[in-house]
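Structure at a glance
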Amino acid sequence: MDESKDMLQVAQLDAGMLQFTLNRPDALNALNLGLLDALHEQLLKAQANAQVKAILLIGRGKAFSAGADISQLAPLNGQKGVEFAKKGQTIFRLLEQLGKPSLAAINGYALGGGCELAMAATVRIAATTAVFGQPEVKLGVIPGFGGTQRLSRLVGKGRALDLCLTGRIIKAEEALAWGLISEVVLPEDLLERAKTILFSLTQLSPIAMKSIMSVIDYGYDLPLEEAFAFEAAHFGLCCATSDKKEGVAAFLAKRPSKFLGE
């Protein structure tokens, strides 16, 4: 039996949504190599499957993910550390650049690699019980799965330095005030709220959403004039699609749009 498949449970939801459940509750869903490999495999499948419209990420038990598995971190030397970091970065970058929206529903601990995984998702919402942090400094290392870069881009350089240097933990309300997450809900409402948000995204043009995600992701670090040119190019691409014709026609006819991703 492939234990890695049990570590990540994949369920088909309505409207082309997939739910990925991190399933190592006894280990607070720590990201070991098996779980990372399973996540990589399932993301590649989702990317290649035109029927998949969106991804929901959640953790089983009292954690989203408490971070990398320390037992696998312990034996790393310099070279192996580089390889481990690059492995995580590659998988999380795949999620970020999937071309399909993803939502991390954070139900508890989102620490270290768990916080980094959440930040790679397109949207993040959290239960009131959620806590966030990058405590790697307390182990004598730094965030290695993209945390230093995504955190600074999401909440600003000063706050990223605060969290990464101190290793302190913040609660959901502070994460919301910082812009790390977009919404806080009661724990019992988290899953349904996440599904509602994702479902609303599946009703929009997948071509336009892919362009939006690409332009914001790639254009963020470009000089402004180059970013404007990149935006204009994608605007033109969208204007050439059937989805654009449908969206405009539906608006003028005052009816719901029926986007086909064409």
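Predicted, not measured: the structure shown is a model, and the values here were computed from it.

1. Some points on the packing of helix H5 (residues 113-120) against helix H6 (residues 147-155)
Where H5 contacts H6, the two axes come as close as 10 Å, and the packing angle between them is 55°. Classified by the angle between their axes, H5 and H6 sit oblique to one another. Like other packed secondary-structure pairs, H5 and H6 cross with a definite hand, here left-handed. Contact residues: H5 offers Glu-116, Met-119 and Ala-120, while H6 offers Gly-147, Arg-150, Leu-151 and Leu-154. Taken together, the residues of the contact of H5 with H6 sort by class into four nonpolar, one polar and two charged.

2. Points about the sheet that holds strand E5 (residues 102-106)
Read across the sheet, six strands follow the order E1-E2-E3-E5-E7-E10 without closing on themselves; strand pairing throughout is mixed. Of all the strands in the sheet, just strand E1 (8-12) and strand E10 (183-185) have a single pairing partner and so form its edges. Pairs of neighbouring strands in the sheet enclose a mean axial angle of 20°, with direction left out of account. Pairing between strand E7 (residues 123-127) and E10: three bridges, direction parallel. Across the sheet, Ile-125 pairs through a bridge with Glu-183, a residue of E10.

3. Some thoughts on the packing of aromatic side chains
Applying the stated criterion to the full structure yields three aromatic pairs. Measuring from centroid to centroid gives 5.2 Å for Phe-84 and Phe-145, while their planes differ by 55°, and the two rings are tilted. Taken together, the residues span a long stretch of sequence, with Phe-84 in helix H4 (residues 78-96) and Phe-145 in the loop between strand E8 (131-133) and H6 at a distance of 61 residues. When the centroid spacing of 5.4 Å and the interplanar angle of 85° are considered together, the rings of Phe-92 and Phe-145 count as edge-to-face. On the criterion of sequence distance, the pair formed by Phe-92 in helix H4 and Phe-145 in the loop between E8 and H6 is long-range, its members being 53 residues apart. A residue is classified by how much of its surface remains accessible, and Phe-145, at 4% relative accessible area, is buried. Ring pairing ties together the aromatic residues Phe-84, Phe-92 and Phe-145, which thus form one cluster.

4. Concerning unusual backbone geometry
Of note, the phi angle at Ala-15 is positive, near 60°, even though the residue is not glycine. Here Ala-15 is to be found in the loop between E1 and strand E2 (17-22). One non-glycine residue, Lys-254, lies in the positive phi region at around 55°. Take Lys-254: it is sitting in the segment after helix H12 (242-253). Overall, Lys-254 belongs to the exposed group, its relative accessible area being 79%.

What counts, and where the lines are drawn
Residues numbered from 1 in each chain as written. Predicted model: local features only at pLDDT ≥ 70, side-chain atom pairs only at ≥ 80, totals over all residues. Heavy atoms only, no water. Axes fitted to C-alpha atoms, helices over the stretch in contact; angles between N-to-C directions. Helix = DSSP H or I, 4+ residues; strand = E, 2+ residues; numbered from the N terminus. Parallel < 35°, antiparallel > 145°, perpendicular 65-115°, else oblique. Left-handed = near helix turned anticlockwise from the far one by under 90°. Contact = heavy atoms within 4.5 Å. Nonpolar A, V, L, I, M, F, W, Y, C, P; charged D, E, K, R; others polar. Pairing = 2+ DSSP bridges. Phe/Tyr/Trp six-rings, centres within 6.5 Å; stacked < 30°, edge-to-face > 60°. Buried < 20%, exposed > 50% of the residue type's maximum accessible area, 1.4 Å probe, protein only.

Honestly, it's all geometry; don't read function into it.
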